[in-house]
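# What the coordinates show
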Amino acid sequence: MIDSPTVAALHVAPGTRLAMKAVPAVEVETQRGIVGDRYHGSKHRQVSVQSLQALAEAETAYGAPVPAELTRRNVTVSDGVVPREPGSLIRLGPVLLEVVRVAAPCKLLDDTIGRGAQEALRRRGGSICRVLEGGRVEVGDPVDLLVERSEAVPQ
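None of these values were measured; they are calculated from a predicted model.

## As for unusual backbone geometry
- One non-glycine residue with positive phi stands out, namely Gln31, at about 60°.
- Along the chain, Gln31 falls in the loop between β3 (25-29) and β4 (33-34).
- Relative accessible area serves as the criterion here: at 40%, Gln31 is assigned to the partly exposed category.
- For Arg72, which is not a glycine, the phi torsion comes out positive at approximately 75°.
- The topology assignment puts Arg72 in the loop between α1 (52-62) and β6 (75-77).
- The exposure class of Arg72 is buried, given its relative accessible area of 10%.

In structure tokens:
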């Protein structure tokens, strides 16, 4: 039996360019994002999601470790491919996210991780999402990376 993905790590930063801080849980508000994060209240960029699987691929391309906390993403899932197609749905515990766009790695990664990190994370940086249903997310919560729209709409 294959284990389902879980929330492997959660990170927030209170302001732009400030270090990401690992936290055991976050409160996620519908149409607002993660309470206490720099993007809380933003219209579309509310939560960023990446996968340990993609980070492992980036490490192979980069030739050195790529720590999750230095990628500037909020949620790291234990396994699987994070959907990149706008409109795709992701469930993190009780929280439902909608993919807005691919999370393009920024130049800051070359400063924080090392030269070449930005390129190694290209096409492996996860997705930027907006929050359709809020709630509390904790490390270890189940993740569904392929939510069907019919399953997401309350009956």
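## Quick notes on α1
- What α1 keeps buried is the set Ala54, Leu55 and Ala58. Along the axis of α1, the buried positions cluster into a sector of 100°, meaning they face one direction only.
- Those residues of α1 that are buried are in contact with β5 (47-51), β6 and α3 (117-121).
- Its side-chain oxygen placed 3.1 Å from the backbone nitrogen of Gln53, Ser51 serves as the N-cap of α1.

## Considering the side chain of His11
- Its location among the elements puts His11 in strand β1 (residues 7-12).
- Residue class for His11 comes out buried when judged on its relative accessible area of 4%.

## Quick notes on the environment of Tyr62
- As for its position among the elements, Tyr62 is in helix α1.
- Since its relative accessible area comes to 21%, Tyr62 is described here as partly exposed.
- Taking C-alpha positions, Tyr62 is 28 Å from Asp3, a pair spaced 59 residues apart along the chain.
- Here Tyr62 is in contact with Ile113, Gly114, Arg115, Gly116, Ala117 and Ala120, once residues within four sequence places are set aside.

## Structural notes on the side chain of Gln50
- Tracing the backbone shows Gln50 in strand β5.
- Note on Gln50: relative accessible area 1%, which makes it buried.
- Looking at Gln50, its side chain comes within polar contact range of the side chain of Thr71, at 2.9 Å.
- Among the polar contacts listed, one links the side chain of Gln50 to the side chain of Thr76, at a separation of 2.9 Å.
- Those residues in contact with Gln50, other than ones at most four positions away along the chain, are Leu55, Ala68, Thr71, Arg73, Val75, Thr76, Val77, Val82, Gly125 and Gly126.

Parameters and conventions
Residues numbered from 1 in each chain as written. Predicted model: local features only at pLDDT ≥ 70, side-chain atom pairs only at ≥ 80, totals over all residues. Heavy atoms only, no water. Helix = DSSP H or I, 4+ residues; strand = E, 2+ residues; numbered from the N terminus. Buried < 20%, exposed > 50% of the residue type's maximum accessible area, 1.4 Å probe, protein only. Arc of directions from axis to C-beta. Contact = heavy atoms within 4.5 Å. Polar contact = N/O pair within 3.5 Å; in protein donor to acceptor, adjacent residues only side chain to side chain.

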